Structure formats: structure tokens, C-alpha cells
Amino acid sequence: MKNIKEYIDSGILELYVMGDTTPAESKEVEELAIASEQVRNAIDAIRVTLESYAVTHAITPNATIKPFLMATIDYAERIKNGEQPEYPPLLNSSATIEDYARWISRPGMVLPKEFKDFHAKIIGYTQGILTAIVWIKVMAFHEVHDDELEKFLILEGTCDIAIEDEVHHLIAGDYLSIPLHKSHEVRVTSAIPCKIILQRIAA
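Note that this is a predicted model, so its numbers are computed, not measured.

Rules used in this analysis
- Residues numbered from 1 in each chain as written.
- Predicted model: local features only at pLDDT ≥ 70, side-chain atom pairs only at ≥ 80, totals over all residues.
- Heavy atoms only, no water.
- Helix = DSSP H or I, 4+ residues; strand = E, 2+ residues; numbered from the N terminus.
- Rg over C-alpha atoms; globule rule 2.2 N^0.38 Å.
- Buried < 20%, exposed > 50% of the residue type's maximum accessible area, 1.4 Å probe, protein only.
- Contact = heavy atoms within 4.5 Å.
- Areas by Shrake-Rupley, 256 points an atom, 1.4 Å probe, with all protein chains shown as cover.
- Expected span 1.5 Å × (residues − 1).
- Arc of directions from axis to C-beta.

**Q** Please explain the overall build of the protein chain as it appears in this structure.
**A** Counting its regular elements, the protein chain contains 6 helices and 9 strands. Relative to the 2.2 N^0.38 estimate, which gives 17 Å for 203 residues, the radius of gyration of the protein chain is 25 Å and therefore markedly larger than a compact globule would have. Burial analysis of the protein chain (203 residues in total) assigns 38% to the buried set. Sequence separation of 24 or more characterises 64% of the internal contacts of the protein chain that already satisfy a separation of 6 or more. On the protein chain, roughly 12,400 Å² of surface is accessible, and the fraction owed to carbon and sulfur atoms is 57%.

See below:
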């Protein structure tokens, strides 16, 4: 019979709880847990400690991740169903809403009824450039991009885009480019969702 205290102190139970034991080690732990209340209690304590640590150090995911994932799936399905890939023009300081009229007016480029905070529809994609129409209801929390330039053209509504301590008040037709490595966030200032052409370009 193994010395239970030495076995508990060996670290094998922590590895077991994290799923890092071999099949043979897992079998041994489970057999000992059946036979020893000490082992069962130690496993329960380790689980509680790890769960508490995970909760304490959890990072809230960026709220735009899921909408962009869904937009990517939607775009892939549209291409699969016969939509021809197109390449909207690059956003720059002379860009106008009319430059994107053909994509804005397409059927399906509207908000769904279940819209909550953020929605996106991709209108162009290459390995280095993503162009999308996005709708923001209240805000898009701060981000920092180290490997892609982010550019905005406001289509409808108004918003404030803060780039670190500098706030830009934007209305329909306004353009803004976000520098690399700069924290930024969007806050909608209109009663309607802010509708934007968003472009992300690999740096």
C-alpha cells in the first residue's frame, strides 16, 4: 500500500486534475481515490483551488470576436452559394460613402432582428485585407492592434473614437485610421446604431 501522504505530496493529483497524467497514472489515482477518503478530499481541494484561480484570473473575451467569427462563416457560405468575391477599394482620407454604395445596398446587408451590441457583414476578404460593414449599438471596448491597421468610414449615426487620450467625434462621411500599438475604443453617440465600413489591413 502506498504512503498516502507522500503520494498526495508528490504532485500526481494536481497533474491528474489538469488532465496531464498517463492512462496508467490516471487508473492508479482513481483506484486510490476509491480506497482512500484522503485522496478523494485532496482531489476535491485541488479542483476547488484551480477553479478559483481560473475565475480570479479569467480574461473577458473581446465582444467583437464572436460577431466576426459568425460574419466569417456567413461570408464563406455566401461564396459557397455562388456569390463572387469582390475587392472593395482601400479606405483612405478621400474615401466617400458613395465608393461603397454597391456593397451597402446589397440585399442582406441589414441588421438582423436579434441584433444586440455588435454585428458585422464581410463584403471583401483577401489574405491581407478584410472589409466589412459593422453596426455598433453602444460601444466597442478598447483594443490594441500590433499587426493590422484598422480604418473606419462612418456610414450612419455618430460616434466618438478614443485613441488613447485623443477623442475623435465622427459623423456620417468621416474617415479615421487607427495607428498600430494604440489603445482605442468606440462609443456610439447617436440614437441609432453607428453603421461603419471597417477595414483591417495586415501591417
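On we go.
**Q** Would you explain helix H3 (residues 23–35) in this entry?
**A** Helical periodicity: at 3.6 residues per turn, an α-helix aligns residues three or four positions apart in one direction. An ideal rise of 1.5 Å per residue puts 18 Å on 13 residues; H3 measures up with 19 Å between its terminal C-alpha atoms. Within the sequence span of H3, burial applies to Ser 26, Val 29, Leu 32 and Ala 33. Here the buried residues of H3 occupy an arc of 130° about the axis, which is enough to place them on one side. Within H3, the exposed residues directed more than 90 degrees away from the buried face are Pro 23, Ala 24, Lys 27, Ile 34 and Ala 35.

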